[in-house]
Every structure is written in C-alpha cells, then in structure tokens.
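Structural characterization, general
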Amino acid sequence: MSVLELRTTDPEGTRLAAQVIAGVLRPGDLLVLDGPLGAGKTTFTQGLGAGLDVRGPVASPTFVIARVHPSLSGGPALVHVDAYRLGGSADLEDLDLEADLDDAVTVVEWGRDRVEHLTSSHLLVELERPDQVDDPDLPEEPRTLRLTPAGPRWDEGAVTDLARALDAA
Ligand code: ADP
Ligand code: MG
C-alpha cells in the first residue's frame, strides 16, 4: 500500500494541502481523519470546504456531531462528522443526515476504526505534531499529514493523480 506523507508549517499550509486533495475527490468519497486534539483535523476540513466550494463556515462539529455543507457550484456537498462521541461502529445512516453519502464527500474527525465499514474505500488522513521541532526559534507550527488510500477507488491511477496534485502544489 502506498502512503503519501507531507509536512505543513502553518494552518494555512494544512488548509492548502486539503484544498489540493479536494481537487481529486469524487462524490461518494470518505475521508477518515485521525490525530489528537489540536492536530488540525478541523483546519484540514476547512481546506476541503474551500476546495469543494461549499457553503461555510466549516467549524468544529463537536456539539452537533454532523453538518452538511451544500456546494455553491453544483458539485458534491461536504458532510463533516465528528465521531468522537459516537460508539464503536458509527452508523451515519442513523444520524439522519440531509444528504446522500453517495453524492457527497464525507469527512469524519475521529473516524478511525469507526466508519471504514460504511464504504468499500476510504482515504485515511493522519495528522500529528512532530515531537521534535528542529529549531525551537523558528516561527513554524509544523504538522505531518500521512495519507493512506485504501480500497478499489484508490487504484494506482487515482493514487498517482493524488500524488501529482500534491507535488504540483
Ligand atoms: P482538531 O480538529 O484536530 O482538534 P483544529 O484544526 O481544531 O484541530 O486545531 C488545530 C489548531 O492548531 C488550530 O488552532 C490551528 O490554527 C493550529 N495550527 C498550527 N499550526 C498548524 C498546522 N500546520 N496545521 C494545522 N493547524 C495548525
Ligand atoms: Mg476538530
């Protein structure tokens, strides 16, 4: 399995990376975000929202579990879920979302080991603050983003497109 890793130096960089990723996403895609509090999961989702041109603002959905952001330009909606308080296997159908997940791009914070069963494919995005900052005087706030595509949707061609888009950015 191929894993793509990138590093950003500030929140805007994480948003931009997500915006680039949004450019290769298709209706029905599921993104599973993993990483501790403050890692940048919501910040990443804001970039997805910008890239998909959806109605905002994209904010932490903690108190609502899920929000649907409709497209402003006829593309897929962004369904933004916070699975933190959902049980083991989250059943998104039970959330009664006003969106068909086959037509939307769905992104789930804290989704790891909770929502992968919902689709045959997903893109796992692991965000973390590196333990070791090379130079503490640098005004950087680095994050590592590790992308692990899984399932038939992410065949070699699709992963290559993703890698090329990120390289070009
Ligand atoms: P999470 O949803 O994972 O809890 P948030 O996106 O809500 O995280 O918060 C991340 C915080 O870290 C924000 O305050 C953001 O401005 C800050 N930050 C600093 N550097 C980065 C970076 N490189 N990428 C993403 N967020 C960053
Ligand atoms: Mg969050």
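Residues numbered from 1 in each chain as written. Chains lettered and ligands numbered in written order. Predicted model: local features only at pLDDT ≥ 70, side-chain atom pairs only at ≥ 80, totals over all residues.

In terms of burial, strand E5 (residues 105-109) is largely enclosed, as five of its five residues are buried. In this sheet, E5 lies alongside strand E2 (residues 30-34) in parallel orientation, the contact comprising four bridges. For Leu33, the partnering residue across the bridge sits in E5 and is Glu109. Relative to E5, strand E4 (residues 78-82) is paired through five bridges, and the arrangement is parallel. Paired with Leu78 across the strands is Val105, a residue of E5. (Buried ≥ 20, exposed ≤ 12 C-beta atoms within 10 Å, placed from the backbone. Helix = DSSP H or I, 4+ residues; strand = E, 2+ residues; numbered from the N terminus. Pairing = 2+ DSSP bridges.)

With that settled, the discussion passes to the packing of helix H1 (residues 11-22) against helix H2 (residues 41-52). Here H1 crosses H2 at 45°, and the two axes come no closer than 7 Å. By the angle between their directions, the pair H1 and H2 is classed as oblique. Crossing handedness for the pair H1 and H2: right-handed. In this structure, H1 uses Pro11, Thr14, Arg15, Leu16, Ala17, Ala18, Gln19 and Ala22 to contact H2, whose residues at the interface are Thr43, Phe44, Gln46, Gly47, Leu48, Ala50, Gly51 and Leu52. The residue makeup of the contact of H1 with H2, split by class, is nine nonpolar, six polar and one charged. (Axes fitted to C-alpha atoms, helices over the stretch in contact; angles between N-to-C directions. Parallel < 35°, antiparallel > 145°, perpendicular 65-115°, else oblique. Left-handed = near helix turned anticlockwise from the far one by under 90°. Contact = placed C-beta atoms within 7 Å. Nonpolar A, V, L, I, M, F, W, Y, C, P; charged D, E, K, R; others polar.)

Now for the confidence of the model for the chain. Per-chain confidence: the chain averages 89 in pLDDT, with 86% of residues scoring 70 or above. Taken element by element, the chain is modelled with least confidence in strand E3 (residues 66-69), mean pLDDT 91, and with most confidence in H2, mean pLDDT 98. This prediction of the complex comes with two scores: 0.93 for pTM and 0.99 for ipTM. (pLDDT = per-residue confidence, 0-100.)

A few words on H1. In this model, H1 (12 residues) spans 16 Å end to end at C-alpha, consistent with the 16 Å of a helix rising 1.5 Å per residue. Among the residues of H1, those classed as buried are Gly13, Thr14, Arg15, Ala17, Ala18, Ile21 and Ala22. Packed against the buried residues of H1 are strand E1 (4-8), H2, strand E7 (143-150) and helix H3 (156-168). (Expected span 1.5 Å × (residues − 1).)

So, about the site of ligand 1. Near ligand 1, the surroundings consist of 18 residues, among which Thr14, Gly40, Lys41, Thr43 and Glu141 are the closest. Put simply, the parts of the chain that give the shell around ligand 1 at least two residues each are H1 and H2. The class makeup of the residues in the shell around ligand 1 is four nonpolar, nine polar and five charged. (Near = placed C-beta within 6 Å.)

On to the sheet that holds E1. Pairing within the open sheet is mixed, and its seven strands lie in the order E1-E7-E6-E2-E5-E4-E3. Of all the strands in the sheet, just E1 and E3 have a single pairing partner and so form its edges. Across the sheet, the mean angle from the axis of one strand to that of its neighbour is 20°, orientation sign disregarded. As paired strands, E1 and E7 are joined by five bridges and run antiparallel to one another. Paired with Thr8 across the two strands is Arg143, which belongs to E7. Of the strands in this sheet, E1 and E7 touch H1, which is tilted by about 145° from E1.

Further remarks concern the nonpolar core. Grouped together as the largest cluster of nonpolar side chains are 34 residues, with contacts concentrated most on Leu33, Leu48, Leu78 and Val125. Taken together, the elements giving at least two residues each to this core come down to H1, E2, H2, E4, E5, strand E6 (122-128) and E7. Dropping the residues within four chain positions of it, Leu33 is found in contact with Lys41, Phe44, Val107, Val108, Glu109, Gly111, Val125 and Leu127. (Core = buried A, V, L, I, M, F, W, Y, C linked by C-beta atoms within 7 Å.)

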